[in-house]
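# Coordinate inspection notes
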Amino acid sequence: MKSATPKVLHRLAGRSLLGHVLHAATSLRPERIAVVVRHEREQVASHARELESAVLIADQDEVPGTGRAVECALHTLDAAVQSSQLAGGETAPAADGISGPVVILAGDVPLLDGETLGRLVAAHAAESNAITVLTTILADPTGYGRVVRDDEGQIARIVEHRDATAEELAIKEMNSGVYVMDSGVLRAALAEVDRDNDQGEVYLTDVIALARRQGGNVRAMVTEDPMLVEGVNDRVQLATLGAELNRRIVHDWMRAGVTVVDPATTWIDGDVRLSADVTILPGTQLHGSTAVGTGSVIGPDTTLTDVEIGENATVTRTHGSGGRIGHDATVGPYTYVRPGLELGERGKLGAFVEVKNAQIGAGSKVPHLSYIGDATIGEETNVGAASVTVNYDGVAKHRTVIGSFARTGADNMFVAPVRVGDGAYTGAGTVVRRDIPPGALAVTTGSQRNIEGWTIDRRPGTPAAEAAERALGEQYSAQAQAEERRRHAHSDTTDPS
């Protein structure tokens, strides 16, 4: 990946590659999950525990290869079982360790889903297999291990690409690296696997030939969807699979009753939840745990992360994260929603409004050009244009409280901490530094004073001064003409003839 970030921590559709794999794994309700780590151990292990607190971390030693990775995982799982038995009061472990089927997954296969894994496990049990391999057919399987079958159709062995003969390279069926193996078969076979191959690694695929020699059934379940088992090895593949996963997510939501006007420009993360009759307009991105209620319209050109939206709301050209928007509310265009917003039903946030850590009651409006931070606003209140809650004094944040049914004028500054009572009004340009009682009008503007001729005197020769001179000349001319008309009119009324 040519990155400081470990490969399995790169993200698509709102989850890391490892997160997608763990999500699929947990859908099986397994008794235990082990994650094998080596490169950038601490980052990967920490992230795995964040995703699944009960996950076991298995450290791979310096012996390379997938077989050694699984062997290290098996030791960790066995130790966990034995420890649990001893903790339960047994004087000695009742068994060597785990029993039953073991599902083995690669950490970089993000499209593999729980449904496919469930069918793989079911096939393994139904056919009484020692090993069941998930395979697929590729027109060009270059780089992948080839599945070599015997006359009965069972898998005789899997040959890595670099170790394959010309005849084996012609095989189109490839190994996905996803297996279900009987734990006893796996444990016995790993004890015999060596490193006699081109790369000097312990190949997990060698377990298959050993299992066959021991009389076990090794069969394949072929998926007709190669993208399910496609891995990520660079950022080109990451982008390719990200686009494919998004396409599938978007199509699934459309089939569930969501209108997506332009699927090509719509991105929806895997944990987003949408209700029927939601409409998503072009250029919209829904990330994280965003949830949208029935009948709401989102977009165009909107990006929301971890935002909860009620029913029949409209969110247009908005960037937001960590907020809650109520039923029938209206947000946008060009609105910035920051964490902590709670907008009540029928509430409105208009053009060029930024809101953070604010609770805004039902029916209240902040229509335009305002910043509302660390504030509580009651119901049915209107905040005038270009208003700001001055919440930060350079050291600490303070809160503004505006009551219900208040009407605040344009260009107001609320210097927190301050309270505006229910039904109060403020004049345009007011700087509110003291609490306003309910029903009061607050005005802080002084008397207007005009200094005539200031521009001509102080800014001579500028376009502004020249415009002023022209206007004053026109005004003087108009006044002179009016005065002349008045004199003529006066003369007409006093003429003795």
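To be clear, the structure that these remarks concern was listed above.
Parameters at a glance
- Residues numbered from 1 in each chain as written.
- Predicted model: local features only at pLDDT ≥ 70, side-chain atom pairs only at ≥ 80, totals over all residues.
- Heavy atoms only, no water.
- Helix = DSSP H or I, 4+ residues; strand = E, 2+ residues; numbered from the N terminus.
- Rg over C-alpha atoms; globule rule 2.2 N^0.38 Å.
- Buried < 20%, exposed > 50% of the residue type's maximum accessible area, 1.4 Å probe, protein only.
- Contact = heavy atoms within 4.5 Å.
- Areas by Shrake-Rupley, 256 points an atom, 1.4 Å probe, with all protein chains shown as cover.
- Lys, Arg positive; Asp, Glu negative; His and termini not counted.
- Charge placed at Lys NZ, Arg CZ, Asp CG, Glu CD.
- Phe/Tyr/Trp six-rings, centres within 6.5 Å; stacked < 30°, edge-to-face > 60°.
- Salt bridge = Lys/Arg side-chain N within 4 Å of Asp/Glu carboxyl O.
- Polar contact = N/O pair within 3.5 Å; in protein donor to acceptor, adjacent residues only side chain to side chain.
- Axes fitted to C-alpha atoms, helices over the stretch in contact; angles between N-to-C directions.
- Parallel < 35°, antiparallel > 145°, perpendicular 65-115°, else oblique.
- Nonpolar A, V, L, I, M, F, W, Y, C, P; charged D, E, K, R; others polar.
- Pairing = 2+ DSSP bridges.
- Right-handed = clockwise from strand over helix to strand, strands pointing away.

## Here's the deal with the overall build of the protein chain
When its secondary structure is counted, the protein chain shows ten helices and 36 strands. Compactness check: the protein chain gives a C-alpha radius of gyration of 36 Å against a globular reference of 23 Å for 497 residues, more than 25% above the reference. Residues classed as buried in the protein chain amount to 42% of the 497 residues present. Sequence separation of 24 or more characterises 36% of the internal contacts of the protein chain that already satisfy a separation of 6 or more. If you sum the accessible surface of the protein chain, you get close to 25200 Å²; carbon and sulfur atoms cover 50% of it. With 46 positive and 66 negative side-chain charges, the protein chain shows a spacing of 6 Å between the two charge centroids.

## Here we look at the packing of aromatic side chains
The final tally for this structure, using the stated rule, is one aromatic pair. Where Tyr 334 meets Phe 352, the ring centres are 5.3 Å apart and the plane angle is 15°; that geometry is what we call stacked. Of this pair, Tyr 334 sits in the loop between strand S23 (330–331) and strand S24 (335–337) while Phe 352 sits in strand S26 (residues 348–360), and the two are 18 residues apart along the sequence. On the accessibility criterion, Tyr 334 (46% relative accessible area) is partly exposed.

## Concerning the pattern of salt bridges
Should the charged atoms of two oppositely charged side chains come close, the side chains can pair. In the structure shown here, the tally under the stated rule is 21 salt bridges. Note that Asp 271 and Arg 15 form a salt bridge whose closest N and O atoms lie 2.6 Å from each other. In this pair, Asp 271 is assigned in the loop between strand S12 (267–268) and strand S13 (273–274) and Arg 15 in strand S2 (residues 15–16), connecting sequence segments 256 residues apart. The residue Glu 168 makes a salt bridge to Arg 157 at a minimum N-O spacing of 2.8 Å. With a gap of eleven residues between them, Glu 168 in helix H5 (residues 166–169) and Arg 157 in strand S8 (residues 155–159) connect regions that are remote in the sequence.

## Regarding the side chain of Gln 154
Within the secondary structure, Gln 154 is located in the loop between strand S7 (146–149) and S8. Among the polar contacts listed, one links the side chain of Gln 154 to the backbone nitrogen of Val 218, at a separation of 2.7 Å.

## Some remarks on the packing of helix H6 (residues 183–190) against helix H7 (residues 206–213)
Remark: H6 packs on H7, axes separated minimally by 9 Å, with the N-to-C direction vectors making an angle of 110°. Classed by the angle they form, the pair H6 and H7 counts as roughly perpendicular. Contacts from Val 185, Leu 186, Ala 189 and Leu 190 of H6 reach H7 at Val 207, Leu 210 and Ala 211. Considering only residue class, the contact of H6 with H7 consists of seven nonpolar, no polar and no charged.

## Topic: the pairing of strand S4 (residues 56–59)
In the sheet, strand S3 (residues 34–37) pairs with S4 via four bridges, with the strands oriented parallel. Across the sheet, the residue bridging to Val 35 is Ile 57, located in S4. Regarding the hand of the β-α-β motif, the stretch spanning S3, helix H2 (residues 41–51) and S4 is right-handed.

## Considering the environment of Asp 457
Structurally, Asp 457 is set in helix H9 (residues 454–458). Considering only alpha carbons, one finds Asp 457 and Val 292, 165 residues apart in sequence, at a separation of 61 Å.

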